[in-house]
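Residue-level structure breakdown
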Amino acid sequence: MDIKQLKYLDTLVQTGNFTKAAERLNIAQPALSQSIKRLEQELGVTLVDRGANRTTKSLSLTAEGQALHQHAKLIINQLAQAEAHIKAMANLTKGEVRLAVPGMLGSFYLPSRLMAFRHKYPDLKLSLFEGGTRDTLRMLQQEEVDIAIITAKDLTDEFDSHLLLKEQMVVAVGKHHPLAKSSSVSLEAFFEHELVLFKQGYFHREWMLKQAERLGLEVNIAFETNLINLIKQVVAQEYGITSVLEMAIEPHDNICTKPFSPPVFLDLHIAWKKQRPIDQADKAFVSFLLQNR
């Protein structure tokens with residue numbers, strides 16, 4: 001039994017006889033009769049009562065034929081819906097982009113780009129998951145999202161990726177902080193001060209703690225939070241200093257940014273799992289971001 005036979009049966013019921021059904025299907029009547037007969041043989045039942053209503057030549061189904069026709073209508077309808085769904089996805093009039101991003105990118109890099117993408121593809125749904133770099137990587141590995149922005153350090157052979165941006169990591173201090181007068185800040189000088197850090201699971205915290213360990217220096221953590229705006233307020237009021245991506249500090253924040261000496265840059269990649277190819281909506285989003293870096 002195949003979909004063609006089910007469509008033949010449905011057309012036969014709709015038209016009421018073999019002659020009209022064959023005309024609608026654009027096939028010869030004997031070919032239609034043989035197809036229905038083969039279907040009956042495959043199932044071991046009679047579907048069409050060929051002895052009924054000979055005078056009016058109208059079609060009559062047996063009980064088995066009526067039961068099969070009910071299933072046939074459902075299958076034909078579901079097939080049509082599936083075809084329409086896939087075509088809509090291919091034409092980017094239907095679909096969903098599930099994206100995981102680190103907190104700072106979600107707050108400062110993506111908003112304008114997300115709105116621009118939404119304007120270009122108004123029928124696509126955007127689902128954004130924001131968190132620490134560890135959360136972002138975990139969600140991608142566990143396929144809770146389809147694409148994610150991760151650090152170069154987290155790239156492995158299981159991912160396909162494109163470099164999205166290279167962003168400088170800077171020291172953020174209050175405008176009256178002693179380091180505000182410096183043209184750049186060494187790691188040794190950075191760790192002499194009380195720090196405001198993200199909690200565990202964020203790349204910036206991991207990176208700073210590893211640098212301190214490498215230099216054999218103590219880390220004085222004065223404040224921990226994952227709220228970037230709270231971090232900036234603490235820094236602006238000079239209760240501590242921190243390190244963030246340069247994009248996170250805005251003119252109205254009342255904060256000075258200084259490059260590290262030597263400069264430190266973070267490579268961020270947009271990635272997806274090789275074994276789970278991304279769909280047309282995700283491809284459109286990746287392409288859009290790469291064109292609007």
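Below is a short write-up of the structure.

Cut-offs used in this document
- Residues numbered from 1 in each chain as written.
- Predicted model: local features only at pLDDT ≥ 70, side-chain atom pairs only at ≥ 80, totals over all residues.
- Heavy atoms only, no water.
- Helix = DSSP H or I, 4+ residues; strand = E, 2+ residues; numbered from the N terminus.
- Rg over C-alpha atoms; globule rule 2.2 N^0.38 Å.
- Buried < 20%, exposed > 50% of the residue type's maximum accessible area, 1.4 Å probe, protein only.
- Contact = heavy atoms within 4.5 Å.
- Areas by Shrake-Rupley, 256 points an atom, 1.4 Å probe, with all protein chains shown as cover.
- Lys, Arg positive; Asp, Glu negative; His and termini not counted.
- Charge placed at Lys NZ, Arg CZ, Asp CG, Glu CD.
- Pairing = 2+ DSSP bridges.

**Concerning the overall build of the protein chain**
Secondary structure assignment for the protein chain yields 11 helices and 8 strands. Relative to the 2.2 N^0.38 estimate, which gives 19 Å for 293 residues, the radius of gyration of the protein chain is 32 Å and therefore markedly larger than a compact globule would have. Based on the C-alpha atoms only, the size of the protein chain along its principal axes is roughly 105 × 35 × 25 Å. Looking at the protein chain residue by residue over its 293 residues, the buried ones come to 45%. Sequence-distant contacts, at least 24 apart, represent 73% of the contacts inside the protein chain between residues at least 6 apart. By element, 50% of the accessible surface of the protein chain is carried by carbon and sulfur atoms, the whole surface being about 15,700 Å². Taken together, the 34 basic and 34 acidic charged side chains of the protein chain have centroids lying 9 Å from each other.

**A word on the pairing of strand β1 (residues 96-102)**
Burial analysis of β1 places 6 of its 7 residues in the buried class, the great majority of the element. Strand direction decides the pairing type here: β1 and strand β2 (residues 125-131), joined by 7 bridges, are parallel. Across the sheet, Arg98 pairs through a bridge with Ser127, a residue of β2. The sheet contact formed by β1 and strand β3 (residues 147-151) spans 2 bridges and is parallel. The residue bridging Ala100 from the neighbouring strand is Ala148, located in β3.

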